[in-house]
Amino acid sequence: QVQLVESGGGLVQAGDSLRLSCAASGRAFSSYAMGWFRQAPGKEREYVAAINWSGGSTNYADSVKDRFTISRDNAQNTVSLQMNSLKPEDTAVYYCAAGRYSSRYPERYNYWGQGTQVTVSS
């Protein structure tokens, strides 16, 4: 069982950067694939990025590729999302998730954090 807590969100201007962090508790963090998802008001949850258990394989949604970077530090039990060149359309609540497999689909993840708000103004 894993518990996840996101942090690092805030209000920024277009073009700024933010780094989101997700702290995990549990004995087997390194066994889980991790993902980041986001949800804007009135919209369904959207895939952002994923990373496998070792950190050797990453994947990104087309909308964030070349701007966002997902990474993990298994020694610290954390996964991060570095977000550069932020756009107003990036505004959403961002969630980290843990699951057996790295996937673009939220139903493949078993554990979820509470989310952190990211707001990008123009």
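Residues numbered from 1 in each chain as written. Predicted model: local features only at pLDDT ≥ 70, side-chain atom pairs only at ≥ 80, totals over all residues. Heavy atoms only, no water.

## Digging into the packing of aromatic side chains
Piece 1. By the definition in use, this model includes 5 aromatic pairs.
Piece 2. A ring pair is formed by Phe 37 and Tyr 47, whose centres lie 5.7 Å apart and whose planes are at 70 degrees; its orientation type is edge-to-face. In this pair, Phe 37 sits in strand E4 (residues 33–39) while Tyr 47 sits in strand E5 (residues 46–51), placing the two residues 10 residues apart along the sequence.
Piece 3. Residue Phe 37 is classed as buried on the basis of its relative accessible area, which comes to 0%.
Piece 4. Between the aromatic rings of Tyr 109 and Trp 112, the centroid separation amounts to 6.2 Å while the plane-to-plane angle is 70 degrees, which identifies the pairing as edge-to-face.
Piece 5. Here a set of aromatic residues connected by ring pairs shows up, and it is made of Phe 37, Tyr 47, Tyr 109 and Trp 112.
Piece 6. Over the ring of Trp 112 we find Arg 45; its NZ or CZ atom is 4.1 Å from the centre of that ring. (Phe/Tyr/Trp six-rings, centres within 6.5 Å; stacked < 30°, edge-to-face > 60°. Helix = DSSP H or I, 4+ residues; strand = E, 2+ residues; numbered from the N terminus. Buried < 20%, exposed > 50% of the residue type's maximum accessible area, 1.4 Å probe, protein only. Lys NZ or Arg CZ within 6 Å of the ring centre and 35° of its normal.)

## Points about the environment of Ala 61
Piece 1. Within the secondary structure, Ala 61 is located in the loop between strand E6 (58–60) and strand E7 (68–73).
Piece 2. Considering only alpha carbons, one finds Ala 61 and Ala 50, 11 residues apart in sequence, at a separation of 9.1 Å.

## What to know about the state of the cysteines
Throughout this description, disulfide means a covalent bond between two cysteine sulfur atoms.
Piece 1. Tallying each qualifying case throughout the model produces 1 disulfide.
Piece 2. Here Cys 22 is linked by a disulfide to Cys 96, with a sulfur-sulfur distance of 2.0 Å. Disulfide Cys 22 to Cys 96: torsion about the S-S bond roughly 50 degrees, handedness right-handed. A residue pair is termed long-range when its members are at least 10 positions apart, and Cys 22 in strand E3 (residues 18–25) and Cys 96 in strand E9 (residues 92–99) qualify at 74 residues. (Disulfide = S-S within 2.5 Å.)

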